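What follows is the residue order along each chain.
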Amino acid sequence: DAGVTQSPTHLIKTRGQQVTLRCSPKSGHDTVSWYQQALGQGPQFIFQYYEEEERQRGNFPDRFSGHQFPNYSSELNVNALLLGDSALYLCASSLNRELNRYSGNTIYFGEGSWLTVV
Amino acid sequence: AQTVTQSQPEMSVQEAETVTLSCTYDTSESDYYLFWYKQPPSRQMILVIRQEAYKQQNATENRFSVNFQKAAKSFSLKISDSQLGDAAMYFCAYRRIAGAGSYQLTFGKGTKLSVIP
């Protein structure tokens, strides 16, 4: 049973460029969330996708956008990259019907994509 | 907004000993989830233990247990019989049960745990 897979593992971009990160959720999961983890910090919620729509968004600018495909996989796009966007980007998947129940609620994380902006 | 505070940036424990990691949080909600996640060098966040706020009984998972003090908004993690493989960053996290923001985890800044052989 494949867990959450993310690509690429590492990448280096130049300021002003655009980047796309990809995530395949755990088999059977239909909900994908993205988090940004700066060095020495805890992850911060960027947004969550369910049924191909952005359901919830954290405190991130519009330069951060995403997409969810019919197979539940997801992309995170960041435009006009800044040095401060350098971070580990984590994808987390879950099952929507478990998110709203007391008994469920297990969220699985991928190993992340390291983005360095120079 | 909810906040999670971990006041111990680093901790160390002797192998086979017990260590307690601290976490406090701030919320106006009466019902919510609390979590401890482990992040080893591989960077994958792994769920260690979960506590539902409506449950008074403290959660336990093998060598891991929590001390949940709802009134004090405190949620500490106790690791018994520490093993070398326990060395990692540990994050405390909060999630609302329902309503706005209920789909996101709010994390603390983490505690780096070292295990001394």
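For the structure given in this document, a descriptive report is provided here. (Residues numbered from 1 in each chain as written. Chains lettered and ligands numbered in written order. Predicted model: local features only at pLDDT ≥ 70, side-chain atom pairs only at ≥ 80, totals over all residues. Heavy atoms only, no water.)

Attention now goes to the packing of aromatic side chains. All names here are of chain B. Across all of its chains, the model carries 16 aromatic pairs over all chains by this definition. Aromatic side chains Tyr25 and Tyr32 sit 5.3 Å apart centroid to centroid with 65° between the ring planes, which places their arrangement in the edge-to-face category. One exposure class covers both Tyr25 and Tyr32, and it is buried. Ring geometry for Phe91 against Phe107: centres 6.2 Å apart, planes inclined by 90°, an arrangement best described as edge-to-face. Of this pair, Phe91 sits in strand S10 (residues 88-96) while Phe107 is found in strand S11 (residues 106-107), placing the two residues 16 residues apart along the sequence. Neither residue differs from the other here; Phe91 and Phe107 are each classed as buried. (Phe/Tyr/Trp six-rings, centres within 6.5 Å; stacked < 30°, edge-to-face > 60°. Buried < 20%, exposed > 50% of the residue type's maximum accessible area, 1.4 Å probe, protein only. Helix = DSSP H or I, 4+ residues; strand = E, 2+ residues; numbered from the N terminus.)

Before going further, it helps to examine the pattern of salt bridges. Inspection of every chain in the model, using the stated rule, returns 8 salt bridges over all chains. Close ionic contact of Glu75 of chain A with Arg22 of chain A constitutes a salt bridge, the shortest N to O distance being 3.5 Å. Taken as a pair, Glu75 of chain A in strand S8 (residues 74-78) and Arg22 of chain A in strand S3 (residues 19-24) lie far apart in primary sequence, 53 residues in all. Owing to a relative accessible area of 17%, Glu75 of chain A belongs among the buried residues under this scheme. For Arg63 of chain B, the salt bridge is made with Asp86 of chain B, and the minimal N-O distance between the two is 2.8 Å. (Salt bridge = Lys/Arg side-chain N within 4 Å of Asp/Glu carboxyl O.)

This part is about unusual backbone geometry. Between Ser7 of chain A and Pro8 of chain A the backbone carries a cis peptide bond, its omega angle lying at -10°. Considering the arrangement of structural elements, one finds Pro8 of chain A in the loop between strand S1 (5-7) and strand S2 (10-13). Positive phi is not limited to glycine here, since Ala80 of chain A has a value of about 45°. Looking at the secondary structure, you find Ala80 of chain A in the loop between S8 and strand S9 (87-94). Looking at Ala80 of chain A, the relative accessible area reads 38%, which means it is partly exposed. Notably, Asp81 of chain B is not glycine yet its phi reads approximately 50°, a positive angle. Tracing the chain through its elements places Asp81 of chain B in the loop between strand S9 (74-79) and S10. Exposure remark for Asp81 of chain B: the relative accessible area of 41% places this residue in the partly exposed category.

Applying the stated criterion across every chain yields a total of 2 disulfides over all chains. Covalent S-S linkage joins Cys23 of chain A and Cys91 of chain A, the inter-sulfur distance amounting to 1.8 Å. Measuring handedness by torsion sign, the sulfur bridge of Cys23 of chain A and Cys91 of chain A sits at about -65° and is left-handed. A residue pair is termed long-range when its members are at least 10 positions apart, and Cys23 of chain A in strand S3 and Cys91 of chain A in strand S9 qualify at 68 residues. The burial state of Cys23 of chain A is the same as that of Cys91 of chain A; both residues are buried. One disulfide bridge connects Cys23 of chain B with Cys92 of chain B, the sulfur atoms lying 2.0 Å from each other. Judged by the sign of its S-S torsion, about -70°, the cystine formed by Cys23 of chain B and Cys92 of chain B is left-handed. With Cys23 of chain B in the loop between strand S3 (19-21) and strand S4 (24-26) and Cys92 of chain B in strand S10, this pair connects stretches of sequence that are 69 residues apart. Accessibility assignment for this pair places Cys23 of chain B and Cys92 of chain B in one class, buried. (Disulfide = S-S within 2.5 Å.)

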